[in-house]
Protein chains: 2
Amino acid sequence: MKSASFQDYMPGNVCFGCGQDNPDGLHIHSRWEGEVAVCNWMPEPKYWGWVNILNGGIMATLIDCHCMGAALAAAYRAENRGLDTEPVYRYATGTLTVKYLKPTPGDQEVELRASIIEQKGRKTTLTCECWSGGVLTATADVVALRVVDSSQAVEGNPFVG
Amino acid sequence: MKSASFQDYMPGNVCFGCGQDNPDGLHIHSRWEGEVAVCNWMPEPKYWGWVNILNGGIMATLIDCHCMGAALAAAYRAENRGLDTEPVYRYATGTLTVKYLKPTPGDQEVELRASIIEQKGRKTTLTCECWSGGVLTATADVVALRVVDSSQAVEGNPFVG
């Protein structure tokens with residue numbers, strides 16, 4: 001049996017990268033391994049950039065969504081509560097920087113490893129590594145912003161559909 | 001009749017973002033408007049991040065591929081030759097930084113506007129803006145690297161499939 005991921009606690013999530021409710025999406029699954037948030041994902045040829053090399057934009061998408069999930073999970077963890085508890089938080093990306101170090105093979109699983117650098121109010125800063133076959137192929141710096149907090153008024157919040 | 005885009009001169013391009021030969025891709029089309037490389041693209045619901053908001057990773061993909069096309073076109077232009085001439089160049093991303101300023105609507109066309117900051121050898125630096133309905137929703141800084149040059153030996157080049 002597959003263990004629960006951060007994304008299992010995001011009902012109604014239509015996101016292309018991490019939404020369980022998007023039939024056409026990438027459907028990433030993120031989990032804690034100690035202090036590191038980990039995501040394993042298998043490319044498909046339609047997501048290549050060059051023949052048998054994963055598209056850099058798809059890599060950015062994976063990293064982005066994985067880091068938003070990690071920021072979310074870290075916020076709940078900091079409040080010592082489960083992902084199925086209230087208030088409900090959701091994060092959106094402030095800034096995403098990806099450095100592409102080597103081509104990422106398009107026919108083998110990638111592993112994303114994200115770490116929390118700082119949590120300060122509604123802003124969380126993370127780093128993320130992308131590994132493929134034991135090779136570090138990209139690194140990223142990500143700023144996540146809490147844009148949904150169910151304990152706060154959401155009127156006019158553009159992120160709530 | 002639709003005028004030619006940079007991507008019309010990339011035969012065999014399977015890229016998810018810009019490949020005409022990827023049936024499942026985003027199929028961006030980029031062109032010059034004076035000194036600015038412009039791309040107009042219409043979102044689909046499957047590429048949303050939140051309900052009716054374009055996914056940030058897809059935005060990164062659009063920006064990335066558009067800027068690679070712009071770097072390519074600028075290199076040919078600097079050599080005063082057409083995109084259908086040799087040597088053939090191709091660019092890959094070195095670094096991509098996207099700052100998300102406002103939510104980007106998921107139901108209206110986006111316009112990407114990229115400018116060349118510097119061309120130095122095989123490295124091209126660009127900036128890119130993402131506009132939607134007259135609103136600037138994201139800005140980006142991109143470093144593009146020439147990884148294919150048909151006048152050079154390509155043996156062992158991981159980017160050539």
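Below or above, wherever it landed, is the structure these notes cover. (Residues numbered from 1 in each chain as written. Chains lettered and ligands numbered in written order. Predicted model: local features only at pLDDT ≥ 70, side-chain atom pairs only at ≥ 80, totals over all residues.)

Once that is clear, we can look at the overall build of chain A. Helix and strand counts for chain A come out as one helix and eight strands. Secondary structure elements of chain A, listed N to C terminal, follow the sequence β-β-β-β-α-β-β-β-β. Seen through its principal axes, chain A has C-alpha atoms that stretch 50 × 35 × 30 Å. In chain A, which comprises 161 residues, the proportion classed as buried is 45%. Taking contacts inside chain A between residues at least 6 apart in sequence as the whole, the part at least 24 apart equals 62%. (Helix = DSSP H or I, 4+ residues; strand = E, 2+ residues; numbered from the N terminus. Buried ≥ 20, exposed ≤ 12 C-beta atoms within 10 Å, placed from the backbone. Contact = placed C-beta atoms within 7 Å.)

Attention now moves to the interface of chain B and chain A. With 34 residues of chain B at the contact, the number on the chain A side is 34 residues. Sorting the residues of the side of chain B that touches chain A by element identifies strand 3 (48-50), helix 1 (56-78) and strand 5 (89-100) of chain B as the ones contributing at least two each. Broken down by element, the side of chain B that touches chain A gets its largest block of residues, eight residues, from strand 5 of chain B. Across the side of chain B that touches chain A, the residue classes tally to 17 nonpolar, 13 polar and four charged. One ladder, built from five bridges, connects strand 5 (residues 89-100) of chain A with strand 5 of chain B; its direction is antiparallel. In the strand pairing of strand 5 of chain B, A:Thr95 is matched with B:Lys99. (Nonpolar A, V, L, I, M, F, W, Y, C, P; charged D, E, K, R; others polar. Pairing = 2+ DSSP bridges.)

Below, the discussion takes up the sheet that holds strand 1 (residues 30-33) of chain A. Ordered in space as 1(A)-2(A)-6(A)-7(A)-8(A)-5(A)-5(B)-8(B)-7(B)-6(B)-2(B)-1(B), the 12 strands form an open sheet in which the pairing is antiparallel. Each having just a single partner strand, strand 1 of chain A together with strand 1 (30-33) of chain B make up the two edges of the open sheet. With strand direction ignored, the average angle separating the axes of adjacent strands in the sheet is 30 degrees. Bridge analysis of strand 7 (residues 123-132) of chain A against strand 8 (residues 135-149) of chain A gives 10 bridges, and the strand direction is antiparallel. (Axes fitted to C-alpha atoms, helices over the stretch in contact; angles between N-to-C directions.)

A few words on the relation of the copies chain B and chain A. Each copy of the sequence occupies a distinct position, and chain B is placed on chain A by a rotation of 180 degrees and an axial shift of 0.0 Å, giving an RMSD of 0.0 Å. The two molecules are tied by a two-fold rotation axis, judged by turn and shift. Distance from the rotation axis, computed per C-alpha, reaches its smallest value in chain B at B:Thr97: 2.0 Å. The fraction of interface residues of chain B whose copies in chain A are also interface residues reaches 100%, indicating that both copies meet through the same surface. (Least-squares fit on C-alpha atoms with pLDDT ≥ 70 in both.)

The next thing to look at is the nonpolar core. Membership of the largest hydrophobic core comes to 95 residues, with the highest contact counts inside it found for A:Ile63 and B:Ile63. Excluding residues within four positions of it along the chain, B:Ile63 makes contact with B:Val98, B:Leu112, B:Cys128, B:Cys130, B:Ala140 and B:Val142. (Core = buried A, V, L, I, M, F, W, Y, C linked by C-beta atoms within 7 Å.)

Attention now moves to the packing of helix 1 (residues 56-78) of chain A against helix 1 of chain B. Two elements in contact, helix 1 of chain A and helix 1 of chain B, have axes separated by 8 Å at closest approach and are oriented at 155 degrees. Put simply, helix 1 of chain A runs roughly antiparallel to helix 1 of chain B. As helix 1 of chain A packs across helix 1 of chain B, the resulting crossing turns out to be right-handed. Counting all contacts with helix 1 of chain A, which are made through A:Gly56, A:Gly57, A:Ile58, A:Ala60, A:Thr61, A:Asp64 and A:Cys65, the residues of helix 1 of chain B involved are B:Gly56, B:Gly57, B:Ile58, B:Ala60, B:Thr61, B:Asp64 and B:Cys65. Split by residue class, the contact of helix 1 of chain A with helix 1 of chain B holds six nonpolar, six polar and two charged. (Parallel < 35°, antiparallel > 145°, perpendicular 65-115°, else oblique. Left-handed = near helix turned anticlockwise from the far one by under 90°.)

What follows covers the environment of A:His66. Residues and elements named next belong to chain A. Mapped onto the secondary structure, His66 falls in helix 1. Judged by the 29 C-beta atoms lying within 10 Å of it, His66 falls in the buried class. In this structure, the C-alpha to C-alpha distance between His66 and Arg113, residues 47 residues apart in sequence, is 8.8 Å. Non-local contacts of His66, meaning those with residues more than four positions away in its chain, are made with Ile28, Ser30, Ala37, Cys39, Leu112, Ala114 and Cys128.

With that settled, the discussion passes to unusual backbone geometry. Leaving glycine out, the prevailing phi sign among residues is negative, and the prevailing peptide bond configuration is trans. All names here are of chain A. A cis amide bond links Glu86 to the next residue, Pro87, at an omega of 0 degrees. The backbone phi angle of His27 is positive, close to 55 degrees, even though this residue is not glycine. Tracing the chain through its elements places His27 in the segment before strand 1.

Quick look at helix 1 of chain A now. All names here are of chain A. Between its first and last C-alpha, helix 1 extends 32 Å over 23 residues, near the 33 Å set by a 1.5 Å rise per residue. The element helix 1 is largely enclosed, with a buried count of 20 among its 23 residues. After helix 1 finishes, the residue Asn80 shows a positive phi value of roughly 55 degrees. (Expected span 1.5 Å × (residues − 1).)

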